[in-house]
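# Structural overview for review
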Amino acid sequence: MGIVSPGFHGRRRGDQKLPPGQYLVTDFPVLSAGPTPRVDTGSWRFRLKTETGQVREWNWAEFRALPDDDITVDIHCVTKWSKLTTHWRGVSLDTLLAEADTSAQFVLAHSYGGYTTNLPLADVRDGQAWIAFEYEGQPLTAEHGGPARLLVPHLYFWKSAKWVQGIDLRDKDQPGFWESLGYNNYGDPWREQRYWGD
Amino acid sequence: MAGAAVLGRLSWQDGTVSEIRKETTAAVSIAIDLPNWAGHRPGQHVDIRVTAEDGYSAERSYSIASAPEPGRVELTVQRLDDGEVSPYLTDTLRPGYPFELRGPIGGWFVWEPASPGPVLLVAGGSGIVPLMSMIRSRGAAGSHAPFQLLYSVRSPADALYAAELAERQHQADGLRVDYVYTRTVPAGWPRPPGRLGAADLPRGDATLPPSAVFVCGPTGFVEAAANLLIQAGHRPAAIKTERFGPSGG
Amino acid sequence: MQTYLDGNALAGPLGEVFAVDLTSAMGQCASCGARAAMAQAHVFMDGPGAVARCQTCGQVLLRLVHTADRAWLDLRGISSLEISLPSE
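Counting starts from 1 at the beginning of each chain's written sequence and moves along it residue by residue. To label them, take the chains in the order written and letter them from A, then take the ligands in the order written and number them from 1. Residues qualify for local features only when their pLDDT is at least 70, as the model is predicted, and side-chain atom pairs are given and counted only at 80 or more; totals for whole chains, interfaces and linings, by contrast, use all residues.

Numbering of helices and strands runs from the N terminus; a helix is a DSSP stretch of H or I covering at least four residues, while a strand is a stretch of E covering at least two. Within chain A one finds two helices and 11 strands. Traced from its N-terminal end to its C-terminal end, chain A shows the element sequence β-β-β-α-β-β-α-β-β-β-β-β-β. Computed over the C-alpha atoms, the radius of gyration of chain A is 17 Å, within 12% of the 16 Å expected from 2.2 N^0.38 for a compact globule of 198 residues. On the principal axes, the C-alpha backbone points of chain A span a range of 60 × 35 × 30 Å. Whether a residue is buried, exposed or partly exposed is read from the other C-beta atoms within 10 Å of its own C-beta, which are placed from the backbone; 20 or more gives buried, 12 or fewer gives exposed, and intermediate counts give partly exposed. When the 198 residues of chain A are sorted by exposure, 38% land in the buried category. Throughout, a residue-residue contact means that the two C-beta atoms, derived from backbone geometry, are no farther apart than 7 Å. Within chain A, residue pairs in contact and separated by at least 24 positions form 62% of the contacts whose partners lie at least 6 positions apart. To get the radius of gyration, use the C-alpha atoms; to get the globule rule, take the number of residues to the power 0.38 and multiply by 2.2 Å.

Shown next as structure tokens:
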């Protein structure tokens, strides 16, 4: 630990119940691995590919015609900030997976711009994950992942891929952008699974 | 020693704040005593670390403002109202407080005091800080290398080191300083307020072009300035840039 | 407005790992072949790790992660690095 700087508190607030090692913030930090992709809804597609190669694709109108949920959740970033009671609107992955014929165990999410992240399929079903297109009542801005991002609040937020373009259902797990470079393959904030070996 | 330096691996050093000096309403210069500090190359920066009592810490990078000196380093910090670290440094830090940093860092954006060639310095806002280290080092080394500084800043009240730059220019030893005010100009100022433009830059294909051009400031400023410099005939290979974050602290 | 820094910002994190300053090293992009000082790369580093991208084609040059007690480095985006060494 570094030498203590007298009088420095940082941006944190309060002592609400947070996962270990996390600090509460009231702003919404923007973290990125690259420039913000600019994707207009006219050319936006979401592609679901099963492990047998079957593809189902939605354009923006088709996607927005699907039933959607109001979502209120806490989110936790591996860089240690947590934001409580965030409000989103999105289409449940259960809705998108409803007609998929699959026995796959794993998912690899792809984003416009090349980012990827992997998850167990079981963690994006049963009301645990959405493709979110609104944040705090407004269309999701590009800097926060719009037109649409993956939202999987029970895991560290690097798994909630911004600018999501599709998901591949896979028999074999494929580590994504950060999972292949030291970050935990699963990422449960409550067990503080930040890095490999945690 | 040209090119990349061979260093030991960087490690954190414990220093003590010896002096804090107000530069403008929103900026201070902080002098830090460091027992194991051997000096730096003008243009280099340090990483600093502040730690709360519960172990929470934040790191930031700041350019060194002073000329190289063993045992001592000076930084200039601009206060950002919504910053996490800069308000602590400008409002709370006091002489005698501990200060943790590592460095000096950087092998690219540096000027060697032994270089005789003419230099063009282009600063946007707090981008003046590493360029001031170069100007101060030039002075300390007794160099007469022609230095031209173009300093883009919102208003005269926002300019850092104004009195010192005026004094150094007054010494008539080859330093020239020109201001580009983007929002508010002094009464009678010949140039209306506005961003850096082609007309503000010296040509790069003039008789004695600079052998080095250093551009520093927020990313948007650096991109715009570098493009203008190339359009004005400056050799891309002679231009070195350092981008600060859009907030910078 | 692009909110990236440049490779100068990597000098500190890389300096924790390497004894040589790499920001003045000349790197060749494995995607487009452009050659430039690492200091000129476009760097995104407020997230889980640092990503340096080729300023010509935007592809990833390197990725650097600092976890609790180790650093992870992926240099696949660079096909070669030329590093000046001071003459003895």
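Once you've had a look at it, read on.
Right, let's talk about the pairing of strand 11 (residues 239-244) of chain B for a bit. Residues and elements named next belong to chain B. The buried count for strand 11 comes to six of six residues, which makes it a mostly enclosed element. Side chains of strand 11 alternate between two faces, with Ile-239, Thr-241 and Arg-243 and Lys-240, Glu-242 and Phe-244 buried alike. When DSSP locates at least two bridges between a pair of strands, those strands are taken to pair. The pairing of strand 10 (residues 212-218) with strand 11 spans six bridges and is parallel. Directly across from Val-215, in strand 11, lies its bridge partner Thr-241. If the strands point away from the viewer and the path from the first strand over the helix to the second runs clockwise, then the crossover is right-handed. At this point the chain moves from strand 10, through helix 4 (residues 219-231), to the parallel strand 11, and the crossover so formed is right-handed.

Here we come to the environment of B:Leu228. All names here are of chain B. If you trace the backbone, Leu-228 turns up in helix 4. Under the C-beta neighbour-count criterion, Leu-228 is labelled partly exposed, with 19 such atoms within 10 Å. Sequence-wise, Leu-228 and Lys-22 are 206 residues apart; in three dimensions their C-alpha atoms are separated by 33 Å. Ignoring sequence-local partners within four residues, the contact set of Leu-228 consists of Leu-196, Ala-198 and Leu-201.

Residue and element names in this part refer to chain B. Here the bounds of each domain stem from an automatic or database domain assignment. For chain B, the assigned domains are domain 1 (13-105) and domain 2 (119-244). Using only C-alpha atoms to locate each centre, domain 1 and domain 2 end up separated by 24 Å. Contact residues are listed per partner, giving 14 residues for domain 1 and 13 residues for domain 2. Taken together, the elements giving at least two residues each to the side of domain 1 that touches domain 2 come down to strand 1 (13-24) and strand 5 (72-78). Under the convention adopted here, Pro, Cys and the residues Ala, Val, Leu, Ile, Met, Phe, Trp and Tyr are nonpolar, Asp, Glu, Lys and Arg are charged, and Gly plus all remaining residues are polar. Looking at the side of domain 1 that touches domain 2 residue by residue, the class counts come to six nonpolar, seven polar and one charged.

So, on to the sheet that holds strand 7 (residues 71-74) of chain C. All names here are of chain C. With antiparallel pairing, five strands are arranged side by side in an open sheet as 1-4-5-6-7. Where the open sheet ends on each side, the last strands, each with one partner, are strand 1 (5-6) and strand 7. The sheet contact formed by strand 5 (residues 50-53) and strand 6 (residues 60-66) spans four bridges and is antiparallel. Bridge pairing in strand 6 links Ala-50 to Leu-64.

This brings us to the interface of chain A and chain C. Each partner contributes to the interface: chain A provides 13 residues, whereas chain C provides 15 residues. Among the residues making up the side of chain A that touches chain C, the classes are represented as nine nonpolar, four polar and no charged.

Attention now moves to the sheet that holds strand 8 (residues 78-82) of chain C. Residue and element names in this part refer to chain C. Pairing is antiparallel across the open sheet formed by three strands, whose spatial order is 3-2-8. Edge strands, defined here as strands with exactly one partner in the open sheet, are strand 3 (35-37) and strand 8. Averaged over all pairs of adjacent strands, the angle between their axes in this sheet comes to 25 degrees, without regard to strand direction. Sheet topology note: the strand 2 (residues 26-29)/strand 8 ladder contains four bridges and is antiparallel. Residue pairing for strand 8: Cys-29 is matched across the bridge by Ile-78. To obtain each axis, a line is fitted to C-alpha atoms, and for helices this fit is confined to the stretch in contact; angles are then taken between N-to-C directions over 0 to 180 degrees.

Right, let's get into the environment of A:Gly197. Relative to the elements of secondary structure, A:Gly197 occurs in the segment after strand 11 (164-170). Residue A:Gly197 is classed as exposed on the basis of its C-beta count, with 9 C-beta atoms lying within 10 Å.

Helix length check: helix 4 of chain B (13 residues) gives 18 Å between terminal C-alpha atoms against 18 Å at 1.5 Å per residue, within 8%. Turning to helix 4 of chain B, the residues buried within the fold contact strand 7 (119-124), strand 8 (147-153), strand 10 and strand 11 of chain B together with strand 1 of chain C. At the C-terminal side of helix 4 of chain B, B:Gly233 shows a positive phi close to 95 degrees. Each residue after the first adds 1.5 Å to the expected span of a helix.

Once that is clear, we can look at the nonpolar core. If you look at the biggest cluster of nonpolar residues, it comprises 131 residues, and the most contacted ones within it are A:Ile131, B:Leu121, B:Leu131, B:Phe214 and C:Val43. Ranked by the residues each element gives to this core, the list is headed by helix 2 (residues 128-140) of chain B, at six residues. A domain split of this core shows at least three residues from each of domain 1 (13-105) and domain 2 (119-244) of chain B. In contact with C:Val43, other than residues within four places in its own chain, are C:Tyr4, C:Leu5, C:Asp6, C:Gly7, C:Ala9, C:Leu10, C:Ala50 and C:Ala52. Any set of buried Ala, Val, Leu, Ile, Met, Phe, Trp, Tyr and Cys residues joined through C-beta atoms within 7 Å is what this text calls a nonpolar core.

Attention now moves to the confidence of the model for chain B. A residue's pLDDT is the confidence the predictor assigns to it, expressed on a 0 to 100 scale. The share of residues in chain B with pLDDT of 70 or more is 95%, and the mean pLDDT across the chain is 93. Taken together, the chains of this predicted complex give a pTM of 0.89 and an interface ipTM of 0.89.

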